[in-house]
Each structure stands twice: as structure tokens, then as C-alpha cells.
Amino acid sequence: MSEAPTTVATICQTLNARITAGEFAVGGKLPSERALSEQFATTRITLQEALGQLEAQGVIYRQVRRGWFISPPRLIYNPLQRSHFHAMAQQQGRAAHTEAIDSAVVTLDAPLAGRLALPSGAEAYRIRRLRYIDGRAVLYCEHYLNPAYFPGILDEDLTQSLTALYAARYGIHYGRVRFDMLPTLLPQQAAVMLKVTYGSPALFITRVNRDQHDRVIDCDLEYWRYDALHIDVEAL
């Protein structure tokens, strides 16, 4: 057995034990890679391999140009529950907030138009948002809305729950929903917003929502940090 794998395993076990023992607070920062390399008397390459393995296990996470941090517990997400993001987080004792990046009227390409049951080249409202759990950005989302059902919505406070806004202003409630979930690599925009390296792994969820009248009303494209989410589904 080569020395490097043994060193990687030792670093993983030692850091995991220190984290479990509470040496670093949840959300707290690990020492720099240089300091850790010196502590373990190893190269940066070997250390980075160990840190990468801990990240894959959801123990730590990296922010570009900021370093490595202790991961909070994953958010439990059941797609069959219609609870909105803030309520879902609150039910799990977590603090959530939403940042509205921008909103615009856009022309739909054929795939998006098809999801919204609109002709290719039709216009839709696009709302881009960044969502946080316990102060950490975990979800970049693009919402595409059929403008026929939501006149004036782009003038509203778009940091609030769209679920609640739909009901309060438009009398629209969610009905059937279709989910597609795929592992993917983060596109440039999502990576920048989530403060991770372009091409990092992510969970990509496409959600097409219908209302109480079975009309397709919107389509959400969600890019989740893969280490922030735990999918838990129980079907009867």
C-alpha cells in the first residue's frame, strides 16, 4: 500500500474525530490548508484529497476564496410535502432566508416552453433567487411563471414565499406537481451564487407545478448543493 492513501485515511479519521468531539463549531472554519498541511506533515495535494473525501461525506464544505467550513446537518426534503422552503426549514429548527437576485420577462426556449405548456418563443416571467439555511447559501433557483396567471407579480416582494403570494394575491393554490431529479455539475451562474467552484457536483431538481384547476402555472429549476440536502420520501 502506498503512503498517500494511508495518510489520506489518517487525516480523514483524525479531522472527523476532532469535528465530532466539538473542537470546531458547526459553521465554523477549519484552519487554512497550509496550517493543516503542517499539522499533518503532508503535502497540500494529499491534504486536499482528504478534505475532498470529507466534503463528499457531508462533514465539511468549501467556499471559494474563503476556505473550509464545518457542515451543518443536511436539510430533510420530502418532495411529496407541499410545505414551502421557509416553513420546511422552520419545522426542522433551521433558520432560512431568501435573496432575490433579479426578475425579468424572458423568451422561452423550446424545452422550457414545453414544460409550461406554452409555444416555443412565448414569454414568461423569470425570477432568480438564492436561498439560505443558517446563513449558508444552499439553493440557486430559477422560477419561470406563466404571466397569464400572475399579472404584476414582478412588482411584489420576491423574497417572500411564492406559495403564500400565489394564494394571497391570486387565489392560486398548488395542485399536482412533477419532479425530475438528476445529479449534475453546477453551471457558472449557480456556482458563483453558491460560492463554489464552477463544475462542482449538485442535485438538479426540475419541478413543474399545476394549480387547483390543473393548469400548469410555473416551472422551477433548482440547483442544490449536494451536501446540503437529504431526500426523504415516504409514499403510501
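Before reading on, note that the structure itself is shown above.
All values reported here derive from a predicted model rather than from experimental measurement.

Let's shift gears to helix H3 (residues 44-56). Here H3 is 13 residues long and its end C-alpha atoms lie 18 Å apart, about the 18 Å a rise of 1.5 Å per residue gives. Buried residues of H3: Thr-46, Leu-47, Ala-50, Leu-51, Leu-54 and Glu-55, and no others. Where H3 terminates, the next one or two residues include Gly-58, which has phi positive at roughly 80 degrees.

Before going further, it helps to examine the sheet that holds strand S9 (residues 216-225). Reading across from one edge, S4-S5-S6-S9-S8-S7 is the order of the 6 strands in this open sheet, with antiparallel pairing throughout. What marks the edges here is a single partner per strand, and that holds for strand S4 (96-107) and strand S7 (174-185). Along the sheet, successive strands turn relative to each other by an average axial angle of 15 degrees, direction set aside. As paired elements, S4 and strand S5 (residues 123-133) share 11 bridges and run antiparallel to each other. Among the inter-strand pairings, Val-106 is bridged to a residue of S5, identified as Ala-124.

Let us now look at a nonpolar patch on the surface. The grouping of Leu-80, Met-181, Ile-231 and Val-233 at the surface amounts to a nonpolar patch, some 320 Å² of accessible area in total. Residue position: Met-181 is located in strand S7. With relative accessibility at 33%, the residue Met-181 sits in the partly exposed group.

Here the focus is empty space enclosed by the protein. Tallied over the full model, the rule gives 1 cavity of 30 Å³ or more. Space inside the largest cavity adds up to approximately 50 Å³. Along the walls of the largest cavity sit Pro-72, Pro-73, Arg-74, Leu-75, Arg-94, Ile-133, Arg-136, Val-138 and Ala-228, which together make up its complete lining. Split into classes, the residues belonging to the lining of the largest cavity amount to 6 nonpolar, no polar and 3 charged.

When two helices pack together, you describe them by how their axes are tilted relative to each other and by the distance separating the axes. Across the interface, helix H2 (residues 33-40) lies against H3 with an axial gap of 9 Å and an inter-helix angle of 105 degrees. The pairing of H2 with H3 is recorded here as roughly perpendicular in orientation. Across the interface between the two elements, Glu-33, Arg-34, Leu-36 and Ser-37 of H2 pack against Arg-44, Leu-47, Gln-48 and Leu-51 of H3. Split into classes, the residues belonging to the contact of H2 with H3 amount to 3 nonpolar, 2 polar and 3 charged.

Procedures and definitions
In this convention, every chain numbers its residues from 1, walking through the sequence in written order. Totals for whole chains, interfaces and linings use all residues, but because this is a predicted model, local features are given only for residues with pLDDT of at least 70 and pairs of side-chain atoms are given and counted only at 80 or more. Side-chain calculation: all heavy atoms of the structure are included, whereas hydrogens and water are not. Strands are runs of DSSP state E lasting at least two residues, helices are runs of H or I lasting at least four, and both sets are numbered from the N terminus onward. The span you would expect from a helix comes to 1.5 Å times its residue count less one. Each residue gets one of three labels from its accessible area relative to the maximum for its type: buried under 20%, exposed over 50%, partly exposed in between, using a 1.4 Å probe on protein chains only. DSSP-based pairing: two strands are paired if at least 2 bridges between them are found. Comment: axis = line fitted to C-alpha atoms, over the contacting stretch for helices; angle = value between 0 and 180 degrees taken between N-to-C directions. Patch rule: a residue counts if its relative accessible area is over 30% and it has no salt bridge; like charges are joined within 9 Å, and nonpolar side chains (Val, Leu, Ile, Met, Phe, Trp, Tyr) within 5 Å. Residue burial considers only the protein chains on display, and all accessible areas are found by Shrake-Rupley using a 1.4 Å probe. Criterion for a salt bridge: a side-chain nitrogen of Lys or Arg within 4 Å of a carboxyl oxygen of Asp or Glu. Here a cavity means grid points, on a 1 Å grid over the protein atoms only, where a 1.4 Å probe fits yet cannot get out; a pocket means an open set of points with protein on both sides within 12 Å along at least five of seven lines; lining residues are those with an atom within 4 Å of a point. Grid points are joined across faces, edges and corners, and a volume is the space filled by probe spheres set on the points. Amino acids outside the nonpolar list (Ala, Val, Leu, Ile, Met, Phe, Trp, Tyr, Cys, Pro) and the charged list (Asp, Glu, Lys, Arg) are all regarded as polar, and Gly is one of them. Each angle is binned into one of four classes, with values under 35 degrees roughly parallel, values over 145 roughly antiparallel, values of 65 to 115 roughly perpendicular, and all other values oblique. The contact criterion used throughout is that any non-hydrogen atoms of two residues lie within 4.5 Å.

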